[in-house]
Amino acid sequence: MSVIVKPIFTEKQTALTDKFENRYGFIVEPSANKVEIKNAVEALYNVHVESVNTMKYDGKLRSRYTKSGVVQGRTSSYKKAIVTLKKGEIIDLFSNI
């Protein structure tokens, strides 16, 4: 099982990648540490990782008003990793689509 769940394609992450061309964001397994994330990115994309920054996000409470009343729930929590590559290296995230 891979440590990396999926890459992040949001407006905020795209702006960060445009500003710093060697930074990429990934959603990773919550139990993964920085060394495991570094090894997984290097093996999957054949690049050299300089640093890894991780963040944990809790799920948000959501409620909907339906015909049968208010339905409450929670979005799933996740862990995000910002990976910085060595200067001059890039990852083509759209190559395997």
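The structure under discussion appears in the preceding block.
Cut-off values and rules
Residues numbered from 1 in each chain as written. Predicted model: local features only at pLDDT ≥ 70, side-chain atom pairs only at ≥ 80, totals over all residues. Heavy atoms only, no water. Helix = DSSP H or I, 4+ residues; strand = E, 2+ residues; numbered from the N terminus. Expected span 1.5 Å × (residues − 1). Buried < 20%, exposed > 50% of the residue type's maximum accessible area, 1.4 Å probe, protein only. Arc of directions from axis to C-beta. Contact = heavy atoms within 4.5 Å. Polar contact = N/O pair within 3.5 Å; in protein donor to acceptor, adjacent residues only side chain to side chain. Core = buried A, V, L, I, M, F, W, Y, C linked by side-chain atoms within 4.5 Å. Phe/Tyr/Trp six-rings, centres within 6.5 Å; stacked < 30°, edge-to-face > 60°. Lys NZ or Arg CZ within 6 Å of the ring centre and 35° of its normal.

With respect to helix α2 (residues 34-45)
Then, number 1: A rise of 1.5 Å per residue sets the reference length of α2, with its 12 residues, at 16 Å; its end C-alpha atoms lie 16 Å apart and thus fit the reference within 8%.
Then, number 2: Within the span of α2, buried status applies to Ile37, Ala40 and Val41. Across the axial projection of α2, the buried residues extend over an arc of 95°, all falling on one side. Those residues of α2 that are exposed and angled more than 90 degrees off the buried face are Val35 and Ala43.
Then, number 3: Taken together, the buried residues of α2 touch β1 (4-7), β2 (23-28), β3 (49-57) and β6 (78-85).
Then, number 4: For α2, the capping residue at the N-terminal end is asparagine 33, with a side-chain oxygen 3.3 Å from the backbone nitrogen of valine 35.
Then, number 5: Taken from the residues just after α2, asparagine 46 is the one with a positive phi, measuring 55°.

Quick notes on the nonpolar core
Then, number 1: Counting 17 residues, the largest nonpolar core has Phe26, Val28, Ile37, Val41, Val83, Leu85 and Ile91 as its most contacted members.
Then, number 2: Elements supplying a minimum of two residues to this core: β2, α2, β3 and β6.
Then, number 3: Among residues more than four places away in sequence, those in contact with phenylalanine 26 are Ile4, Lys6, Pro7, Ile8, Val41, Tyr45, Lys79, Lys80, Ala81, Val83, Ile91 and Leu93.

Some remarks on the packing of aromatic side chains
The description of an aromatic ring pair rests on the distance of the ring centres and on the angle between the ring planes.
Then, number 1: Across all of its chains, the model carries two aromatic pairs by this definition.
Then, number 2: Between tyrosine 57 and tyrosine 78 the ring centres are 5.0 Å apart and the planes differ by 25°, which places this aromatic pair in the stacked class. Here the residue tyrosine 57 occupies a position in strand β3, and tyrosine 78 occupies one in strand β6, the gap between them amounting to 21 residues.
Then, number 3: Directly above the aromatic system of phenylalanine 20 lies the positively charged group of arginine 23, at a separation of 4.3 Å from the ring centroid.

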